[in-house]
Each structure stands twice: as C-alpha cells, then as structure tokens.
Amino acid sequence: MTRKTSAEGAPEYDFLGDIYDAVMAPTGFQVFTDQLAEVFNLKAVMMTIRHNQTHSMKYLWLGGDIVPQWIDNYALEYASDDILSQHLAKEPIANFYASNLDVIPPPHFAETRFYKEWLVPQGVAFAAAAVVLQEGPWETTLFLQRGPSQPPFTPEEIAQLNTLLPHLQRAIQMRQRLSDLELGQNILASSLNMLAMPTFLFDEHGTVAHYNQRAATLLQDGHLRLEAGHVFAQDEKMTRKLNLELSKSIAASRNEDDDMNRVVLLPRVNKLPMMLMITPLQLSGSSHMHGAALMFAFDPTAMPAVTCELVKKLFRLSTTEAELAIALCSGKTLDEFAFERGTSIHTVKTQLKSIYLKTGTKRQAQLVSMLLASPAFFIAQKNSDQLAAV
C-alpha cells in the first residue's frame, strides 16, 4: 500500500470501511488494526476489550510486530507501572493521548521494571492510546506503538486518530449487540434441540421461528408442512383449527393470567391421531417480541429413542436391567424379552425384582410410568439432534 499524507502531514486512508466491516467480520477488527499499523507507520497496534474488575479479556486484536506473550506479561507484571495507562485513567475517554505529547515521565523512569523489562526488549520508544468505549465494567482500549527508528506522534496524527473514535464506538456497540443476539438465538436453538419430542417455536405472527431435528423428521412424513414459515395440516379445515388454537395461545402469552394449554388431535389414516399441544410462552422483559408459543407433537404409536447408558446412569441399573426396563417401556412382555435374550423367564423376573428395588417401584405400570417421565425419554440424544432453523 502506498502511504499518502495530507498537507498537514497526517496520513490519508479511508478507515471507515474497515471499521464497519468489523461488525460482521469473523475476525472482528483485525483488518482495521493491520491497516492502522501500516498507514500510520506503527510498530504495533493492540485493541482490547477487557473487564475492569476481573481483568478478563473478551477480545484482543493485534496489528504490526507484537506477540500475545507480551500482552500476557504486561497484564500480569507491568500494567500498574505504565504511565500512559495511568494518564488514560485520569483523562476523559474517547480521546487519544501520546507519550511524547501528553505524559511527563517521572524521575528514574528508565530504571523501572516496566521500562527495562517490557519497553526496551520490544523496542518501544513512543506510544499513543485511547479508551474508546466504556460499557459497564467492559472497557475497549486502543494502544499504538512506535520504535526508536520511527518518528514520535504529531498533534496532526492524534487529531486524525480522534476522528475515528466515534465510528469505532458505534461499530463496537453494533458488533456487541449482534453477538448478544446470536448468543440468545444459539441458546434458544440448543435448548429446543435438547428435547426428544418434536418441538416448534412460533413468534407473535404465528410464524415458526425455530424447530428441532425431531420436528424436521416429523415434517417429512407429510402430516404437517411449512410454507413461508407457517404451518399447514393435510386439509384446509384442520389447518384453520390448528392456526386458530395457535393464535389463541400466542394471545394468551401476552396475559400472565391465561396460561391454558391447547390440544389439537391431527387425524391419520390407520393410526391413532397425532397429538399437538400448544402452550403460551410468556417472555417477561422482552421489548421486541410481543407473544410466542411452543407446539409439542406426540405420536402415541412411536417411542422416543433412548440409550441404555442413560437409563443405567439415572437409575443405577446394570446393562441387562436397563435393557429390560427399556423393553418394558416399548411394550414388550417379560416372555418376549426372555426369548430375545435366550434366557429363562425366572432369570428375567429376578432382574425385574432388582429393578423394582433400585427404582423404588413395585409394579410394571409404576416402573414404566417413572421411566417415561424421566429425562431418559425427555432429553434427546446427542448423535441424533441438529437444530433446524427456518
């Protein structure tokens, strides 16, 4: 890149594109820091977002000639002796300050550990810095360094750097808001995906916002379908009924006194009806979403997949006992299980007594009821669930 300068001696480069591109860029402000180092003839650039109290670092972008190890050493050993940082703490934010323009080194500064062990080994002769933004305990700081062979910072350069700060503030805030939104969506998506039951999330307009992989599998059988984000049944009458109950549930989500669940039975040929339960989802404190609902689909003819390992861990059963418990939940008899395992009915009955003892149950119906209500049949298995987003 050719480094152009203005009539006043400050470099000319349009940084705004790099700054606002950082809002969406996976690498954040990396391109900006690299260009800043090149255009302003800097030895190094450090842009950090860190917590004032814990000193934990949320983001770090480095440009020019510096390695992360020096940043770690600075934070652990030398930050308290940095006179430019001390100056920043006393001055207004959103303004650059230069070591050669704004800071008077104290006597014997050249004898301090910070000077001898941090500045000199890196070859740092001049520095400029600004607290770009403070939001709660989080502080964004931008440090610039020059070596002995590079010129000191000029007032014209500091003035030009200051013109970038309002744009950096906006870009950092935009990136943080976007990150918060994506985090919320990812948490919601992951939560739905933990459910073994097909689950749909509807927004205030009755549009499907998310559905899990079990729901995606359900859509493939044709009893329900999505068009432009809206759910349709196989016939028009059932579609109207389903969406009427859905709209009622969404309306109920805006009223804390109305939390009634609604059930729609979806007819199927030669099968028991699919059971759809629609429940209002109250979003306390939400300023941008005015109503939502969840719809759970239950197929009485199908059993959720469950692993033997999970049942073993939940109820402290042996492998054989867990397999027997799962078989009973699937509707098999003791005789059928004994035949499949090639063992005697007496052995199976002994295993069942052991299961009763460990689970605190006394009858098969009680045991099956306990297992079906447990996380073993409620939480989806990792190897079979991926979120589908509309």
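Provided above is the structure to which this section pertains.
First things first, this report covers the structure right here in the doc.

Here is what the cut-offs are and how they apply
- Counting restarts for each chain: residues are numbered from 1 in the order of the written sequence.
- Restriction of local features to residues with pLDDT of at least 70 applies here, the model being predicted, together with a cutoff of 80 or more for giving and counting side-chain atom pairs; totals for whole chains, interfaces and linings are based on all residues.
- The basis for the side-chain values is all heavy atoms of the structure; hydrogens and waters are excluded.
- A run of H or I in DSSP becomes a helix once it reaches four residues, and a run of E becomes a strand once it reaches two; helices and strands are each numbered from the N terminus.
- Contact between two residues is taken to exist if any of their heavy atoms lie within 4.5 Å; hydrogens are not considered.
- Computed by Shrake-Rupley with a 1.4 Å probe, the accessible areas treat only the displayed protein chains as cover when residues are assessed.
- What makes a nonpolar core is a set of buried Ala, Val, Leu, Ile, Met, Phe, Trp, Tyr and Cys residues whose side-chain atoms join them at distances within 4.5 Å.
- Summary of the burial criterion: residues with accessible area below 20% of their type's maximum are buried, those above 50% are exposed, and those between are partly exposed, where the area comes from a 1.4 Å probe applied to protein chains only.
- The span you would expect from a helix comes to 1.5 Å times its residue count less one.
- It is the directions from the helix axis to the C-beta atoms that the arc portrays.
- Two N or O atoms count as a polar contact when they lie within 3.5 Å, although within protein this holds only if one can serve as hydrogen donor and the other as acceptor, and sequence-adjacent residues are included solely when both atoms are side-chain atoms.
- Each Phe, Tyr or Trp ring, with Trp reduced to its six-membered ring, pairs with another whose centre is within 6.5 Å; inter-plane angles below 30 degrees give stacked pairs, above 60 give edge-to-face pairs, and intermediate values give tilted ones.
- Any Lys NZ or Arg CZ that is within 6 Å of a ring centre and within 35 degrees of that ring's normal is treated as a charge sitting over the ring.

Thoughts on the overall build of the protein
Phase 1 of the analysis: Per the secondary structure count, the protein includes 14 helices and 15 strands.
Phase 2 of the analysis: If you take every contact in the protein between residues at least 6 apart in sequence, the share linking residues at least 24 apart comes to 58%.
Phase 3 of the analysis: For the protein, the accessible area works out to roughly 21100 Å², and carbon and sulfur atoms hold 56% of it.

Thoughts on the nonpolar core
Phase 1 of the analysis: Judged by nonpolar contacts, the single largest core of 31 residues is most densely connected at Phe 29, Phe 32, Leu 36, Phe 96, Leu 142, Leu 144 and Leu 168.
Phase 2 of the analysis: Elements supplying a minimum of two residues to this core: helix H2 (30-39), strand E3 (44-51), strand E6 (126-135), strand E7 (138-146) and helix H7 (155-193).
Phase 3 of the analysis: Top contributing element to this core by residue count: H7, with seven residues.

Some words on helix H9 (residues 236-252)
Phase 1 of the analysis: When the terminal C-alpha atoms of H9 are compared, their 24 Å separation across 17 residues agrees well with the 24 Å that a helix rising 1.5 Å per residue should span.
Phase 2 of the analysis: Those residues of H9 that fall on the buried side of the exposure criterion are Met 238, Thr 239, Leu 242, Glu 245, Leu 246, Ser 249, Ile 250 and Ala 252. The arc that holds every buried residue of H9, seen down its axis, measures 160°, which confines them to one face. Opposite the buried face of H9, by more than 90 degrees, sit the exposed residues Glu 236, Lys 237 and Arg 240.
Phase 3 of the analysis: Considering only its buried residues, H9 is in contact with strand E8 (199-202), strand E10 (224-227), strand E11 (230-233), strand E12 (262-268), strand E13 (271-280) and strand E14 (293-298).
Phase 4 of the analysis: Two or three places before Lys 237, at the opening of H9, Asp 235 has a side-chain oxygen 3.2 Å from that residue's backbone nitrogen.

Focus: the side chain of Asp 203
Phase 1 of the analysis: Mapped onto the elements, Asp 203 comes out in the loop between E8 and strand E9 (208-211).
Phase 2 of the analysis: For Asp 203, the side chain forms a polar contact with the main-chain nitrogen of His 205, separated by 2.9 Å.

A word on the packing of aromatic side chains
Phase 1 of the analysis: Evaluated as defined, the whole model comprises 13 aromatic pairs.
Phase 2 of the analysis: Aromatic pair Phe 114 and Trp 118: ring centres 5.7 Å apart, planes at 15°, arrangement stacked. A residue pair is termed a helical-turn pair when its members lie 3 or 4 positions apart in one helix, as Phe 114 and Trp 118 do in helix H6 (residues 113-122) at four residues. With respect to burial, Phe 114 and Trp 118 carry one shared label: buried.
Phase 3 of the analysis: The interplanar angle of 35° and the centroid separation of 6.0 Å between the aromatic rings of Phe 200 and Tyr 211 together place this pair among those described as tilted. Remark: Tyr 211 occurs in strand E9 and Phe 200 occurs in strand E8; sequence separation between them is 11 residues.
Phase 4 of the analysis: Taking relative accessible area as the criterion, Phe 200 reaches 0% and is therefore assigned buried.
Phase 5 of the analysis: These aromatic residues form a ring-pair network of at least three members: Trp 70, Tyr 74, Phe 109, Phe 114, Tyr 115, Trp 118 and Phe 143.
Phase 6 of the analysis: Sitting over the ring of Phe 153, Arg 146 keeps its end group 4.5 Å from the ring centre.
Phase 7 of the analysis: It is Arg 175 that lies over the ring of Tyr 59; its NZ or CZ is 5.7 Å from the centre.

Purely spatial values, then, with no claim about function.
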